[in-house]
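Read off the chains here:
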Amino acid sequence: MNLKEEKIKILKKIKETKTQEELEKVWKETLKEIKKLTQKLKKIPLKKRKKIGKEINELKEKLEKEYLLKKGILKEKKEEKEEFFDITIPAKKIEIGSLHPITLVKNKVEEIFQSLGFEVVLGPEIEDEWHNFDALNIPPEHPARDVLSLGKTFYLENEKLMRSHTSSVQIRYMEKHNPPLKIVAPGKVFRKDAIDATHEIEFWQLEGLMVDKEISVSNFKAIMEEFLRKFFEKEMKMRLRPSYFPFTEPSFEVDISCLICNGKGCQTCKDTGWIESGGAGMVHPQVLRNCKIDPREWQGFAFGMGLTRLAMLKYKIPDIRYFNSGDLRFLKQF
């Protein structure tokens with residue numbers, strides 16, 4: 001029984017192991033060998049048995065110490081390998097969100113009007129008939145108020161409705177504030193339209209109001225031209241066409257030169273060179289009276305435009321349905 005040779009042979013095996021699995025295999029074989037050596041002690045005379053038994057125990061302790069040392073080294077190497085980070089590898093692109101195109105347009109429009117001295121005000125999306133219709137001089141027989149299928153208003157319980165424009169915000173503001181007034185009211189509106197490339201039942205609108213003692217259409221025209229120049233970041237042609245709205249008198253449609261053909265005529269503008277961008281007019285005297293404002297002393301203009309429409313024009317989006325689609329292929333472009 002040559003314990004010295006056994007020791008050298010086993011130590012060599014332990015030191016040569018490359019993985020924890022190999023080490024465990026060698027240690028398992030080592031324990032078997034030590035067990036065999038212990039069993040051979042029975043055949044050795046008693047005088048020599050004590051001495052050799054002591055040497056076997058010392059051998060076992062020495063080998064166990066080497067085993068634990070090697071185990072710790074292999075564990076550290078494994079952890080270092082797992083935690084290794086190669087700084088030369090290109091970083092993974094972090095996916096981040098972006099603002100919705102409607103939000104981008106809304107923020108830009110608010111910023112421009114605030115720079116022109118307007119205050120941004122908000123109001124409820126669930127309205128009553130007074131603020132949505134009556135106070136705006138819209139008569140009961142108006143088609144928009146038809147509660148049957150022909151009407152475009154979403155009526156709710158308890159004589160409430162989903163607002164069909166943000167003009168109701170103007171009424172609420174005039175009821176609580178005295179002139180002079182200079183506000184814009186952005187927000188979501190709802191109408192029972194057949195959904196197609198240019199119509200949605202839910203879209204964004206912005207309406208403006210300016211009331212003072214010497215306000216005229218020329219004031220509106222100057223402000224609107226400045227807004228269009230800043231929003232589209234270039235000089236824009238604008239024209240006013242006579243129209244009719246129950247809450248303004250006189251009333252007119254606001255057209256801008258076609259952004260696709262630059263006013264030359266194309267399919268988008270139906271070869272007219274113009275695109276309708278909104279409606280406006282001088283506030284009807286009855287609307288002022290409904291808000292306890294004397295029309296003999298104060299006058300002003302009101303206007304409305306679709307934020308969704310502006311987004312379509314600015315970014316050349318052909319279909320309004322893209323905005324509510326949730327399609328990332330569309331949203332990631334902004």
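Remember, it's a predicted structure, so these values are computed and weren't measured experimentally.

Conventions used here
Residues numbered from 1 in each chain as written. Predicted model: local features only at pLDDT ≥ 70, side-chain atom pairs only at ≥ 80, totals over all residues. Heavy atoms only, no water. Helix = DSSP H or I, 4+ residues; strand = E, 2+ residues; numbered from the N terminus. Rg over C-alpha atoms; globule rule 2.2 N^0.38 Å. Buried < 20%, exposed > 50% of the residue type's maximum accessible area, 1.4 Å probe, protein only. Contact = heavy atoms within 4.5 Å. Areas by Shrake-Rupley, 256 points an atom, 1.4 Å probe, with all protein chains shown as cover. Lys, Arg positive; Asp, Glu negative; His and termini not counted. Charge placed at Lys NZ, Arg CZ, Asp CG, Glu CD. Axes fitted to C-alpha atoms, helices over the stretch in contact; angles between N-to-C directions. Parallel < 35°, antiparallel > 145°, perpendicular 65-115°, else oblique. Nonpolar A, V, L, I, M, F, W, Y, C, P; charged D, E, K, R; others polar.

> Looking at this structure, how should I read the overall build of the protein chain?
A tally of regular secondary structure across the protein chain gives 10 helices and 9 strands. Over its C-alpha trace the protein chain gives a radius of gyration of 41 Å, far above what one expects of a compact globule, namely 20 Å for 334 residues. Projected onto its principal axes, the C-alpha positions of the protein chain cover 130 × 50 × 40 Å. Going through the 334 residues of the protein chain one by one, you find that 40% of them count as buried. Pairs at least 24 apart in sequence give 66% of the contacts found in the protein chain among residues at least 6 apart. Roughly 20900 Å² of accessible area belongs to the protein chain as shown, and the carbon and sulfur atoms make up 52% of that amount. Across the protein chain, 63 positive and 53 negative side-chain charges occur, with their mean positions spaced 16 Å apart.

> Looking at this model, I keep getting lost on the side chain of S257. Mind explaining?
Structurally, S257 is set in strand β7 (residues 248-257). With residues near it in sequence (within four places) discarded, S257 still touches M236, K237, G273 and W274.

> Honestly, the environment of N178 in this entry has me stumped. Any pointers?
Within the secondary structure, N178 sits in the loop between α6 (167-176) and β4 (181-190). The exposure class of N178 is exposed, given its relative accessible area of 68%. Linking N178 and V211, residues 33 residues apart in sequence, is a C-alpha distance of 9.5 Å.

> Would you explain the packing of helix α4 (residues 101-115) against helix α9 (residues 307-315) in this entry?
Each packed pair of helices is defined by two parameters, the angle between the axes and the distance between the axes. It is the contact of α4 with α9, at a shortest axis distance of 9 Å, that shows an interaxial angle of 100°. Looking at the two axes, α4 sits roughly perpendicular to α9. In this structure, α4 uses P101, I102, L104, V105, K106 and V109 to contact α9, whose residues at the interface are L307, T308, L310, A311 and Y315. Tallied by class, the residues present in the contact of α4 with α9 amount to 9 nonpolar, 1 polar and 1 charged.

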